[in-house]
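# A structural walkthrough
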Amino acid sequence: MTTDFTSLNLREELVQAITGLGYSEPTPIQSAIIPIMLSGADVIGQAQTGTGKTAAFALPILRNLTPQRYVQALILAPTRELALQVADSMIVYGKHLGVRILAVYGGQPYGPQISRLNRGVDVVVGTPGRLLDLIERNALNTKHVRTLVLDEADEMLNMGFMEDVEKILSETPSERQTALFSATMPPRIRSLANRFMRDPQHVNIKRDTLTLASTEQRYYLVHETDKTNALTRLFEIEPIKSALIFARTRAETATLANELVIRGIPAESIHGDMDQKARQPVLNPFRSNQLKVLV
């Protein structure tokens with residue numbers, strides 16, 4: 001079994017970038033997926049978020065990139081947040097390669113995205129609706145795509161994107177390599193795989209390995225009225241440098257963030273009703289460790 005990234009036949013520049021991030025051993029899905037994708041075969045990875053699947057498909061794509069004018073890889077994601085996350089990760093992994101990565105999604109003007117495409121992009125990461133719009137406007141040329149990734153395919157199904165996904169697949173070369181990642185495999189996803197993939201190899205990360213061994217999980221049973229006090233106490237006794245807290249409603253995110261600030265814990269809230277322009281001033285300080293808590 002692969003024990004480190006140096007044995008995965010990756011370019012030295014990629015190994016340098018990922019070891020610089022503190023990663024030494026690939027996760028199970030990375031050990032399984034990377035050799036398959038480097039061989040050029042289609043692959044279906046059944047795994048949930050948190051297993052390291054972004055690097056599992058991103059590193060082989062970056063390994064095989066060659067300088068040219070056209071888009072070489074297309075990555076479909078269900079949300080703009082995931083599209084941005086994948087694009088940001090690929091930029092970091094490929095920082096020594098000079099790769100050109102572009103994230104495209106709805107809610108943003110077409111002009112800057114089309115301008116970037118015209119200047120030349122190696123990898124495009126985007127949501128199905130915006131990708132299809134760009135294809136139909138003849139702004140995104142998919143005729144030279146060598147690798148196509150469907151990330152969180154079941155979420156794209158749940159959000160009603162399957163028709164757009166199928167149209168995009170139809171616009172790419174039939175001899176492309178396709179990688180499909182999905183936590184579940186409902187009939188519509190299986191049907192899509194049968195139609196658009198060529199003898200895909202299957203990798204299934206079992207539930208007992210979905211959480212990394214280095215991740216400790218705990219839970220506490222507390223009364224509703226004691227939750228904020230209990231959370232505050234955790235911040236007092238645990239060496240927490242950065243925390244992501246999930247709340248049930250958007251109103252609760254704001255209330256909890258305000259409560260934490262009053263108690264001396266730097267916090268900001270974020271929720272689905274905020275547009276991208278409002279989200280970035282919150283996300284950027286959290287990513288750079290200038291903000292301790294994101295609710």
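Above: the structure in question.
This section reports on the structure supplied with the text. (Residues numbered from 1 in each chain as written. Predicted model: local features only at pLDDT ≥ 70, side-chain atom pairs only at ≥ 80, totals over all residues. Heavy atoms only, no water.)

## Re the nonpolar core
Condition: Within this scheme, the nonpolar core is defined by two criteria: the residues are buried Ala, Val, Leu, Ile, Met, Phe, Trp, Tyr or Cys, and they are joined through side-chain atoms within 4.5 Å. Whether a residue is buried, partly exposed or exposed follows from its accessible area with a 1.4 Å probe, protein chains only, as a fraction of its type maximum: under 20%, in between, or over 50%, in that order. Put simply, DSSP H or I for four residues or longer makes a helix, DSSP E for two residues or longer makes a strand, and each gets a number counted from the N terminus. Contacts are assigned to residue pairs with any non-hydrogen atoms lying within 4.5 Å of each other.
Counting 42 residues, the largest nonpolar core has Leu10, Phe57, Leu59, Ile61, Ile75, Met90 and Val123 as the members making the most contacts within it. If you list the elements that add at least two residues to this core, you get α1 (12-20), α2 (28-38), α3 (53-64), β2 (73-76), α4 (80-93), β3 (101-104), β4 (123-126) and β6 (177-182). When sequence neighbours within four positions are dropped, the list of residues in contact with leucine 59 reads Phe5, Leu10, Leu14, Ile18, Ile34 and Tyr93.

## With respect to helix α6 (residues 128-136)
Every buried residue of α6 is accounted for by Pro128, Arg130, Leu131, Leu132, Leu134 and Ile135. In this structure, the buried side of α6 is in contact with β2, β3, α5 (110-119), β4, α7 (153-158) and α8 (162-170). Once α6 ends, the next one or two residues include asparagine 138, with phi positive near 60°.

## Considering the packing of α8 against helix α9 (residues 187-196)
Note the following rule: For helices, the fitted line uses only the C-alpha atoms of the stretch in contact; every axis is such a line through C-alpha atoms, and the angle between N-to-C directions lies from 0 to 180 degrees. Any angle that is under 35 degrees is reported as roughly parallel, and any over 145 degrees as roughly antiparallel; angles of 65 to 115 degrees are reported as roughly perpendicular and all others as oblique. Classification used: nonpolar for Ala, Val, Leu, Ile, Met, Phe, Trp, Tyr, Cys and Pro, charged for Asp, Glu, Lys and Arg, polar for all others including Gly.
Between α8 and α9, whose axes approach to 12 Å, the crossing angle comes to 10°. Looking at the two axes, α8 sits roughly parallel to α9. Along its contact with α8, which presents Met162, Glu163, Val165, Glu166, Leu169 and Ser170, the element α9 presents Arg188, Ile189, Leu192, Arg195 and Phe196. Looking at the contact of α8 with α9 residue by residue, the class counts come to 6 nonpolar, 1 polar and 4 charged.

## Section: helix α11 (residues 250-262)
Note: α-helices contain 3.6 residues per turn, so residues at a spacing of three or four share the same orientation. The criterion, for reference: Multiplying 1.5 Å by the residue count of a helix minus one yields the expected span of that helix. By definition, the arc is the one covered by directions from the helix axis to the C-beta atoms.
End to end, α11 covers 19 Å across 13 residues, agreeing with the expected 18 Å (1.5 Å per residue, within 8%). Within α11, the full set of buried residues consists of Thr253, Leu256, Ala257 and Leu260. One face of α11 carries all of its buried residues, which in axial projection span an arc of 100°. Those residues of α11 that are buried are in contact with α10 (227-237), β9 (267-268) and β10 (293-294). Phi turns positive one or two residues past the end of α11, at glycine 264, with a value near 85°.

## Focus: the sheet that holds β9
Two pairing modes exist for strands in a sheet, parallel and antiparallel, and in both the strands are linked by backbone hydrogen bonds. Defined as follows: A strand pair is defined by DSSP finding two or more bridges across the two strands.
Taking strand neighbours across the sheet as the criterion, the 3 strands line up as β8-β10-β9 in an open arrangement whose pairing is parallel. A strand with exactly one partner marks an edge of an open sheet, and here the two such strands are β8 (243-244) and β9. Of the strand pairs in this sheet, β8 and β10 are connected by 2 bridges, and their pairing is parallel. The residue bridging leucine 244 from the neighbouring strand is leucine 294, located in β10.

## Focus: the environment of isoleucine 270
Residue position: isoleucine 270 is located in the loop between β9 and α12 (276-287). On a C-alpha basis, the gap between isoleucine 270 and lysine 241 in space is 19 Å, while along the polypeptide they are 29 residues apart. With near-sequence residues (within four places) excluded, isoleucine 270 lies in contact with Thr253, Arg279, Leu283, Leu294 and Val295.

## Topic: the pattern of salt bridges
Basically, it comes down to this: Salt bridges are identified by distance alone: a Lys or Arg side-chain nitrogen within 4 Å of an Asp or Glu carboxyl oxygen.
Tallied over the full model, the rule gives 12 salt bridges. Among the ionic pairs, arginine 195 bridges to glutamate 166, the shortest N-O distance being 3.5 Å. With arginine 195 in helix α9 and glutamate 166 in helix α8, the pair connects residues that are 29 residues apart, well separated along the chain. For arginine 195, a relative accessible area of 53% translates into the label exposed.

## A short note on a nonpolar patch on the surface
For the record, the criterion: Each patch is built from salt-bridge-free residues with over 30% relative accessible area, joining like charges within 9 Å and nonpolar side chains (Val, Leu, Ile, Met, Phe, Trp, Tyr) within 5 Å. Each accessible area is a Shrake-Rupley result for a 1.4 Å probe, and residues are judged covered by the shown protein chains and nothing else.
The grouping of Leu21, Tyr23 and Val92 at the surface amounts to a nonpolar patch, some 250 Å² of accessible area in total. As for its position among the elements, tyrosine 23 is in the loop between α1 and α2.

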